[in-house]
Amino acid sequence: GDDGYHQLATGLALTRKLRELRLSYNSLTDTHASHIGDVIGSNRDSLEHLIIRNNSFTSIGESHIHKHTPTCKRLLTLSIGCMSSKDASTNVRTLSKILTGCQRLSSFFLFHMTVGDLGLAQLEPFLVTRQWKVIGLMNVGLTAECVPVMSRILEHSRWSLRILGLDGNPLTDQFLLQTSAALRQCQSLITARCTRIGLTSASLPVLVQLMYNWPELNTLVLTDNIFLEDDVASLLFAMAVGSHKSLTKLDIPRLPYVNPLLRNLLDRLASDKLEIHQVITDFEYQPGNGWGLKVEHQGSNIDGCANEEDDVISDSEYTDSSNSDDADDE
């Protein structure tokens, strides 16, 4: 209840040693916003990871929350989303202040908020001033027009980038083709999420070539794109016989049936990767029976803001505490 929440927030505001604040999917409203802002402000000297997504704040509540965020000098991870303002310029101003103040920030994850190609261009001066470990721009209104800006951002973080998330943006094949030179340089990439970005079979040859430049890649998500079955088979073949020894999770679009060639390739991939627990969307590996269609499958919901899978992504894949100065502190 609200009373209990306010008491908890008051206590957290008094700690002044809080390192992580995670408040996603808590149905929070503007009545809670000022207290959250107080918690952030009072812990500005210790806070390292701030994850506040998928609540019900208006622009007034968000202004209270992010009033003190730019003062968090130790902040390493920022994950925010579902900002109420549909005006990209308002969101860009808020993000610009945060990026200016939080100079140690290395993981930057935006989810379901209006930014757009022009907004990303306005944020570019702040995004090319540091080496990013995580860049998450999920459903923020980007198109292939952002290619020049994204290429420069990727090139600047080519030695450090570990996770790239672009889900839900209508980028199309043109984006992958035209950013391939920059993407090839990101050889430390371990996770690439490209759900529903408008890829077709035309982009698969480029993607296969890119993967040979990502030797540490362990997660590749390509669901809700338009691939033909033979194209998927060729992609799987490239990963099965190529140099992608670190891959442990692969999600690809739904296929109408499993032909013998694809089944053989899936079995080969699984035998090479015994530690794989979930390789491909809509399929599962059954010991003794090989690959088959899943009986039940819950697809991702990139249009909505209430997908629990997305919170797992932000709170695990997108949080990097390895460069905390006080890693052993409670």
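Residues numbered from 1 in each chain as written. Predicted model: local features only at pLDDT ≥ 70, side-chain atom pairs only at ≥ 80, totals over all residues. Heavy atoms only, no water.

### Notes on the overall build of the chain
- The secondary structure content of the chain amounts to 11 helices and 11 strands.
- Among the 330 residues that make up the chain, the fraction classed as buried is 55%.
- In the chain, the share of contacts with a sequence separation of at least 24, taken over all contacts with a separation of at least 6, comes to 84%.
- For the chain, the exposed surface amounts to about 14500 Å²; the carbon and sulfur share of it is 52%. (Helix = DSSP H or I, 4+ residues; strand = E, 2+ residues; numbered from the N terminus. Buried < 20%, exposed > 50% of the residue type's maximum accessible area, 1.4 Å probe, protein only. Contact = heavy atoms within 4.5 Å. Areas by Shrake-Rupley, 256 points an atom, 1.4 Å probe, with all protein chains shown as cover.)

### Here we look at helix 2 (residues 30-42)
- In this model, helix 2 (13 residues) spans 19 Å end to end at C-alpha, consistent with the 18 Å of a helix rising 1.5 Å per residue.
- When we look at burial in helix 2, the residues that qualify are His32, Ala33, Ile36, Gly37, Val39, Ile40, Gly41 and Ser42. (Expected span 1.5 Å × (residues − 1).)

### A short note on empty space enclosed by the protein
- Counting across every chain of the model gives three cavities of 30 Å³ or more.
- Roughly 70 Å³ of volume is contained in the second largest cavity.
- What lines the second largest cavity is simply Leu164, Leu166, Phe175, Leu176, Leu183, Ala192, Cys194, Ile197, Leu207, Leu210 and Trp214.
- Among the elements of the structure, helix 7 (172-184) and helix 8 (204-211) are those that each provide at least two residues to the lining of the second largest cavity.
- The greatest single-element share of the lining of the second largest cavity, amounting to three residues, is contributed by helix 7.
- Of the residues assigned to the lining of the second largest cavity, the class counts are 11 nonpolar, no polar and no charged. (1 Å grid on protein atoms, 1.4 Å probe; cavity = no way out; pocket = protein on both sides within 12 Å on 5 of 7 lines; lining within 4 Å. Points joined across faces, edges and corners; volume = space filled by probe spheres on them. Nonpolar A, V, L, I, M, F, W, Y, C, P; charged D, E, K, R; others polar.)

### A short note on the pattern of salt bridges
- Counted according to the given criterion, the structure contains seven salt bridges.
- The salt bridge involving glutamate 124 is made with arginine 152; its shortest N-O contact spans 2.5 Å. With glutamate 124 in helix 5 (residues 116-127) and arginine 152 in helix 6 (residues 147-156), this pair connects stretches of sequence that are 28 residues apart.
- Relative accessible area serves as the criterion here: at 39%, arginine 152 is assigned to the partly exposed category.
- Aspartate 224 is the partner of arginine 196 in a salt bridge, and the nearest nitrogen-oxygen pair spans 3.4 Å. Within this pair, whereas arginine 196 is found in the loop between strand 7 (191-193) and helix 8, its partner aspartate 224 is found in the loop between strand 8 (219-221) and helix 9 (229-241), the two being separated by 28 residues in sequence.
- The network of salt bridges with common partners includes Arg19, Glu48 and Arg74. (Salt bridge = Lys/Arg side-chain N within 4 Å of Asp/Glu carboxyl O.)

### Side note on the sheet that holds strand 5 (residues 134-138)
- With parallel pairing, the nine strands of this open sheet are ordered in space as 1-2-3-4-5-6-7-8-9. A single partner strand is all that each edge strand has here, and the edge strands are strand 1 (20-22) and strand 9 (249-251). Strand-to-strand, the axes of this sheet are offset by a mean angle of 5°, without reference to chain direction.
- Sheet analysis places strand 6 (residues 163-165) next to strand 7, joined by three bridges and oriented parallel. Bridge pairing links leucine 164 to alanine 192 in strand 7. (Pairing = 2+ DSSP bridges. Axes fitted to C-alpha atoms, helices over the stretch in contact; angles between N-to-C directions.)

### Looking at the state of the cysteines
- For the structure on display, the rule yields zero disulfides.
- Free of any disulfide, cysteine 72 has its nearest cysteine sulfur in cysteine 102, 5.8 Å distant.
- For cysteine 72, a relative accessible area of 0% translates into the label buried. (Disulfide = S-S within 2.5 Å.)

### Overview of the packing of aromatic side chains
- Overall, the coordinates contain two aromatic pairs when judged by the stated rule.
- Centroid distance phenylalanine 109 to phenylalanine 111: 6.1 Å. Interplanar angle 45°. Geometry classified as tilted. (Phe/Tyr/Trp six-rings, centres within 6.5 Å; stacked < 30°, edge-to-face > 60°.)

### Quick notes on helix 7
- With 13 residues, helix 7 extends 18 Å between its outermost C-alpha atoms, agreeing within 8% with the 18 Å of an ideal straight helix rising 1.5 Å per residue.
- Of all the bends in helix 7, the largest measures some 40° and sits at glutamine 178.
- Here the buried face of helix 7 lies against helix 6, strand 6 and helix 8. (Bend = angle between axes of the 7 residues up to and from the residue.)

### Observations concerning the packing of helix 7 against helix 8
- Helix 8 packs onto helix 7 with a crossing angle of 5° between their chain directions and a minimal axis gap of 10 Å. Relative to helix 8, the element helix 7 is oriented roughly parallel. Here Leu176, Leu177, Ser180, Leu183 and Arg184 of helix 7 come into contact with helix 8, specifically with Val206, Leu207 and Leu210.
- In the contact of helix 7 with helix 8, the residues fall into six nonpolar, one polar and one charged. (Parallel < 35°, antiparallel > 145°, perpendicular 65-115°, else oblique.)

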